[in-house]
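Descriptive structure summary
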Amino acid sequence: VQLVESGGGMVQTGNSLTVSCVVSGGTFSSYAVGWFRQTPGEDREFVAGIDYNNKNEIYSDSVKGRFAISRDIAKNTAYLQMNSLKPEDTATYYCAARLLYASRDVQDFGAWGQGTQVTVSS
């Protein structure tokens, strides 16, 4: 399975941005997708996840109510819509895939994209 993120950029505090993740090389409808983020010198942290059947979404406390994860099976693409962005959301955002059910644990994911940079200026 290969994953490619896109859509990162620089935005001002309070603005919105949507990042995308195209999944190929597998049956997208069988995969859960997770979004994680990482800043230099820090561990990769969980942001959001969605089950293979779109019936369950999970979020970190730091983004709940501001971010929304979704997926378009027909386009083999997952999205992370980020609203009310804050400078502390600045990070490289990674998508990851695993079979069936979302997880908050980095160790549960075996397929990762290369990341896309999101920078929020104050």
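Each value, and the rule that gives it
- Residues numbered from 1 in each chain as written.
- Predicted model: local features only at pLDDT ≥ 70, side-chain atom pairs only at ≥ 80, totals over all residues.
- Heavy atoms only, no water.
- Salt bridge = Lys/Arg side-chain N within 4 Å of Asp/Glu carboxyl O.
- Helix = DSSP H or I, 4+ residues; strand = E, 2+ residues; numbered from the N terminus.
- Buried < 20%, exposed > 50% of the residue type's maximum accessible area, 1.4 Å probe, protein only.
- Core = buried A, V, L, I, M, F, W, Y, C linked by side-chain atoms within 4.5 Å.
- Contact = heavy atoms within 4.5 Å.
- Disulfide = S-S within 2.5 Å.
- Pairing = 2+ DSSP bridges.

**What to know about the pattern of salt bridges**
Close approach of charged atoms allows side chains of opposite charge to pair. Counted by the stated rule, this structure contains 4 salt bridges. We note a salt bridge from Asp-89 to Arg-37, for which the minimum N-O separation is 2.9 Å. Of this pair, Asp-89 sits in the loop between strand S8 (77–82) and strand S9 (91–99) while Arg-37 sits in strand S4 (residues 31–38), and the two are 52 residues apart along the sequence. One exposure class covers both Asp-89 and Arg-37, and it is buried. Between Asp-89 and Arg-66 there is a salt bridge whose closest N-O contact spans 2.8 Å. Of the two residues, Asp-89 sits in the loop between S8 and S9 while Arg-66 sits in the loop between strand S6 (57–59) and strand S7 (67–72), which places them 23 residues apart along the sequence. Assigned by exposure class, Asp-89 and Arg-66 land together as buried. If you follow the salt bridges from partner to partner, you end up with Arg-37, Glu-45, Arg-66 and Asp-89 in one network.

**Points about the nonpolar core**
With 28 residues, the main nonpolar core has Trp-35, Val-47, Phe-67, Leu-80, Met-82 and Tyr-93 as its most contacted residues. When near neighbours in sequence (up to four residues on either side) are disregarded, Leu-80 contacts Leu-17, Thr-18, Val-19, Trp-35, Val-47, Ala-48, Phe-67, Ala-68, Ile-69 and Tyr-93. Judged by nonpolar contacts, the second largest core, of 7 residues, contains Ala-32, Phe-36, Ala-96 and Ala-102.

**Re the state of the cysteines**
Scanning all chains against the criterion turns up 1 disulfide. Residue Cys-21 pairs covalently with Cys-95 via a disulfide, S to S 2.0 Å. Since a negative S-S torsion denotes a left-handed disulfide, the Cys-21-Cys-95 link at about 70 degrees is right-handed. Highlighted residues: Cys-21 in strand S3 (residues 17–24) and Cys-95 in strand S9, separated in sequence by 74 residues. For the pair shown, Cys-21 and Cys-95 are each scored as buried.

**Quick look at the pairing of S8**
Sheet topology note: the S3/S8 ladder contains 6 bridges and is antiparallel. The residue of S8 that forms the bridge with Val-22 is Thr-77. Where S7 lies against S8, 6 bridges are found, and the strand directions are antiparallel. Its bridge partner being in S8, Arg-71 is matched across the sheet by Ala-78.

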